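# Summary of structural features
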Amino acid sequence: MSTPQFYPWQAYRCAYDRHAPTGTASGPPIVLIHPIGVGLSRQFWQRFIAQWSQQSNSTVIYNPDLLGCGASSMPRAAYQPDDWGAQLEHFVKTVVKEPVVLVIQGALAPVALACVARFPELIRGMVWSGPPAWRLITTPTQPSQQKLAWNLFDTPAGAAFYRYARREQFLRSFSQRQLFGNPADVDQEWLDELHRGSRDLNSRHAVFAFLSGFWRQDYGEAIAAIPCPTLVLFGEGASSVTRGYREAAGDRLQAYLDHLPQGEGEIIPGRNVLPYESTAIFVDRVGKFIRNITS
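First, a word on what this report is: a plain description of the structure on this page. (Residues numbered from 1 in each chain as written. Predicted model: local features only at pLDDT ≥ 70, side-chain atom pairs only at ≥ 80, totals over all residues. Heavy atoms only, no water.)

## Quick word on the packing of helix α7 (residues 168–179) against helix α8 (residues 188–197)
The interhelical angle for the contact between α7 and α8, taken along N-to-C directions, is 120°, at an axis separation of 10 Å. Judged on the interaxial angle alone, α8 and α7 are oblique. For the element pair α7 and α8, the recorded crossing hand is right-handed. Mapping the contact onto sequence places Glu-168, Leu-171, Arg-172, Ser-175 and Leu-179 in α7 and Gln-188, Trp-190, Leu-191, Leu-194 and His-195 in α8. For the contact of α7 with α8, the residue count by class is five nonpolar, three polar and two charged. (Axes fitted to C-alpha atoms, helices over the stretch in contact; angles between N-to-C directions. Helix = DSSP H or I, 4+ residues; strand = E, 2+ residues; numbered from the N terminus. Parallel < 35°, antiparallel > 145°, perpendicular 65-115°, else oblique. Left-handed = near helix turned anticlockwise from the far one by under 90°. Contact = heavy atoms within 4.5 Å. Nonpolar A, V, L, I, M, F, W, Y, C, P; charged D, E, K, R; others polar.)

Laid out in structure tokens, this is it:
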């Protein structure tokens, strides 16, 4: 487990790691955006960072904790993608201080779009790992429905549910059913990290904001207006947690490629957590993408 550095943003204390190559750094820095879920934080990316170094890549990596997660402050708030986008805008402008490549996991793709809206001049490219199915990312939910869900979660009953959800038995079962292609890949390292990340009960606020669907908007026009190269990677067994959304990985990928102005993509082994399931292949594809857009 890495020891973070900190920077101030608004009234909060926000955490991040910086990983530099042993030799001379080259190419734009990477900023990693971790997923939201019980116990998830910047630690999600530790396998990626270790593999990146092993493959002798010379890019600096910045790995922040989003507000409400990990070692960052955890205010009681109904977080929306633009809240995290504002945090990352401050981070890139005051800590990184140069154009970056964003690497985003899963349903945090709307946070990447918030970043594009806020500081497009500082984004050289993006990598989206297993974003939501096209139908999900272009179908909004009603604000009243989102607020109702949040109000239900933001109760003592919600806190009790979070205590239940952070038990190892639940985390193992959910990970095997919804996230990993191979149940054997749900190892003790994964479970221990989720346990540590969910130990602080205040970490529930970010998770409940995500579950309430504040990220569920129609992003079709925003995706079609992305001004930078974007690599989309899906796992062979890609699936949705939301019921009723089933489609082949190739169909998911093609839907994005049909709308991204500078899009490219690939299907690789794995299901929904590719940086953890298929780390070496994922790192290889990210490295090639960055070299191509900066050559």
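Let us keep going from here.
## A look at unusual backbone geometry
You will see that Gln-10, though not glycine, has its phi angle at about 50°, which is positive. Inspection of the secondary structure puts Gln-10 in the loop between β1 (5–9) and β2 (12–19).

## Looking at empty space enclosed by the protein
Per the stated rule, a full pass over the model turns up two cavities of 30 Å³ or more. For the largest cavity, the calculated volume is near 60 Å³. Those elements giving two or more residues to the lining of the largest cavity turn out to be α2 (81–96), α3 (109–118) and α9 (204–211). Of the residues belonging to the lining of the largest cavity, the class tally is 11 nonpolar, no polar and no charged. One number sums up the size of the second largest cavity: a volume of about 50 Å³. Taken together, 13 residues form the lining of the second largest cavity, with Gly-37, Leu-40, Gly-68, Cys-69 and Ser-203 sitting closest to its centre. Grouping the amino acids of the lining of the second largest cavity by side-chain chemistry returns seven nonpolar, six polar and no charged. (1 Å grid on protein atoms, 1.4 Å probe; cavity = no way out; pocket = protein on both sides within 12 Å on 5 of 7 lines; lining within 4 Å. Points joined across faces, edges and corners; volume = space filled by probe spheres on them.)

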